[in-house]
Amino acid sequence: MQFSEVSKKFMEMETTTKRLELTSILGSLLDGAGDDLKELVYLIQGKLAPDYEGIEFGISGKLIVKSLANASGQTEEEVNKLFSKNGDLGTTAAELRENIRQAPLVSEDLTLHYVYTKLLDLANSSGPGSVKGKMDIYSDLFMNSKPDDIKYITRIIMGKLRLGVADSTILDSLVSAFSEKKYAEIIDTAYNFHPDIGLIATLLEKRDIKTIENIGPEPLVPFKVMLAERLKSIDDIREKMNHMVAYEYKYDGLRTELHKKGDKIKIFSRGLEETTDNFPDIVSNFKKNYNFDSIIIDGESVPYNPETGELFPFQMVSKRRGRKYGLDEKSLEIPLVMFIFDILELNGKSLVNTPYQERRKILEENFKDNEYFRLATRLVSDDSEEINKFFEKSIEDGCEGVVAKNTSSESVYRAGARGWLWIKFKRDYQKELADSMDLVVIGAFNGHGRRAGAYGALLMASYNEETQEYESFTKLGTGFSDEVLFSLPKMFSELKEDHKPAMVNSKMIPDVWFYPQIVMEIQGAEITVSPIHTCAYSKIEKDSGLALRFPRLVKIRDDKKAEDATTTNEIIELYKMQKKTK
Ligand code: AMP
């Protein structure tokens, strides 16, 4: 496949404001890929491999400017001037390429495979002399490219290719192109256990549904964690789960996947990011105490006070997270304990289809509580009084409440899914509006008066998993400290879009649109029916959506991606819970 075909489609994807058009362009691009499909799907995501493989380009904007200056015969100052005017290095590179008007050094067009290989070389070049090596590769690409090609190549390198297609959108398109709807669930499950879009694409292109069906948890490959629904009361949970239920403490820490294979141990976050280096104590203790050939466990890491054993709030973990230096000394100060609540694989055998009760038994047989690893405290019961006491005790012990787990033989481990096999219950749920929400910023309204030069309000959206669209839900203008408020224009400067992005569904038109990327935790007073917002449009009431009244910023969630935001379905559930309380 020629790279110019890719650039052409990227340009079309970038300019459309209609989601259907976006997916149809994507479909035609995938259709024409042939043997290049795997490389193409990574490039559509602006990557060379799944994130967890940790491949990074390792070249700064400054060095790109320098390379551009060298290659185009301009001064760095001139290139920087152009960059300031465009606000985007990709467009800058394209303009410079246009202006030198020199025919590409090679006469044939660039192929996709050539570009992919060169980008991989660029990322892999390391050690002494690698800066020059990287700059040389980029300059070669610049000289060999047409203006539109170098625009997208540059954006990929800078991590700024924003085409608005999530992995789930690509998966859907792959299913339409190479498979049948009846396999969609199998394909989705495979992806959730092995979130490598390139791998799934290759298998689908070969029509190898058998291999896809056999994909399960794989030690050292992060999986998408299972999530819980919410209910308003213990009685609702008992009813929903047919009474005999296991209640586990709901720990307030960091979701932690621990994988071991041979002598390798890796830890991943809920966002599939490898965080092994942040847990040296947990890793060395696991190595010392447990001798499995391979294992995958799921749990929550919580900081605690080593003197009293009392659990600390979650914020203490974030202090430790990302502290690359002096972590050992800090980790002694704030030790962590991993509360294990699930197991997905043991010594080569997948346990995801083994019912929850048996998985728990396997955990109990293999883990004795120690300083670093404990099993989640739990109660299996159908006695209201006993359960309520257990719930109260969970709060007393520093937890947020309980997660109820279905004890039937159907209670499998569902990667990446929020379902009724796990249901969370927190004290807050007894209040009118149960929970805070994690919403995505899709636009902003200019500020006036004291807020001149900043934003007066942000337009916030929920994520509709079914349509893969962001749906407007509220206008957020309070809860910001001045410091945060005045830092917003800079935070969003690179996310500005000159038209409504195709995956945004909003009737309200802000002064400026943003590419949906930044997630904020919001607390509100009430969810109401509103004709202005598109969240759950016509789902509750015809020609109306849902809106959040009196929203207030709790915090910016830089640990969450836009697709991890509160879903429209969750908002519908919260709305129903709120009505019930009234
Ligand atoms: P929330 O973040 O409010 O959606 O609640 C779900 C989260 O609770 C999960 O993603 C886990 O990180 C956390 N959690 C704490 N304890 C448990 C438990 N025993 N079982 C499942 N999840 C738990």
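Residues numbered from 1 in each chain as written. Predicted model: local features only at pLDDT ≥ 70, side-chain atom pairs only at ≥ 80, totals over all residues. Heavy atoms only, no water.

What follows deals with the nonpolar core. I44 and L119 are the most contacted members of the largest nonpolar core, which totals 69 residues. The residues that make up this core include at least three from each of domain 1 (3-158) and domain 2 (167-213). Excluding residues within four positions of it along the chain, I44 makes contact with F10, L26, L29, L30, L161, L163, V165 and I170. One finds Y463, M503, Y515 and I572 within the second-largest nonpolar core, a separate group that totals 46 residues. (Core = buried A, V, L, I, M, F, W, Y, C linked by side-chain atoms within 4.5 Å. Buried < 20%, exposed > 50% of the residue type's maximum accessible area, 1.4 Å probe, protein only. Domains from an automatic or database assignment. Contact = heavy atoms within 4.5 Å.)

Leaving glycine aside, a negative phi is the common case for residues, and trans is the common case for peptide bonds. Backbone geometry places R207, a non-glycine residue, at a positive phi of 55°. Topologically, R207 is positioned in the loop between α12 (197-205) and α13 (209-213). At N242, a position not held by glycine, the phi torsion is positive, near 60°. Within the secondary structure layout, N242 lies in the loop between α14 (234-240) and β2 (245-250). (Helix = DSSP H or I, 4+ residues; strand = E, 2+ residues; numbered from the N terminus.)

The subject of this paragraph is the side chain of Q45. On the secondary structure map, Q45 appears in the loop between α3 (37-44) and α4 (61-72). Setting aside residues no more than four positions away along its own chain, Q45 makes contact with V165, A166, D167 and I170.

Near the ligand there are 13 residues, and of these E248, R255, E300, K405 and K424 occur at the shortest range. Note that an oxygen atom of the ligand is positioned 2.9 Å from one of the side-chain N or O atoms of K250. At a separation of 2.4 Å, an oxygen atom of the ligand approaches a polar side-chain atom of E300. With the chains in place, 88% of the 500 Å² that the ligand exposes on its own is no longer accessible. Going through the elements one at a time, β2, β10 (401-406) and β11 (418-426) are the ones with two or more residues in the shell around the ligand. For the shell around the ligand, the per-class residue count stands at 5 nonpolar, no polar and 8 charged. (Near = heavy atom within 4 Å. Polar contact = N/O pair within 3.5 Å; in protein donor to acceptor, adjacent residues only side chain to side chain. Areas by Shrake-Rupley, 256 points an atom, 1.4 Å probe, with all protein chains shown as cover. Nonpolar A, V, L, I, M, F, W, Y, C, P; charged D, E, K, R; others polar.)

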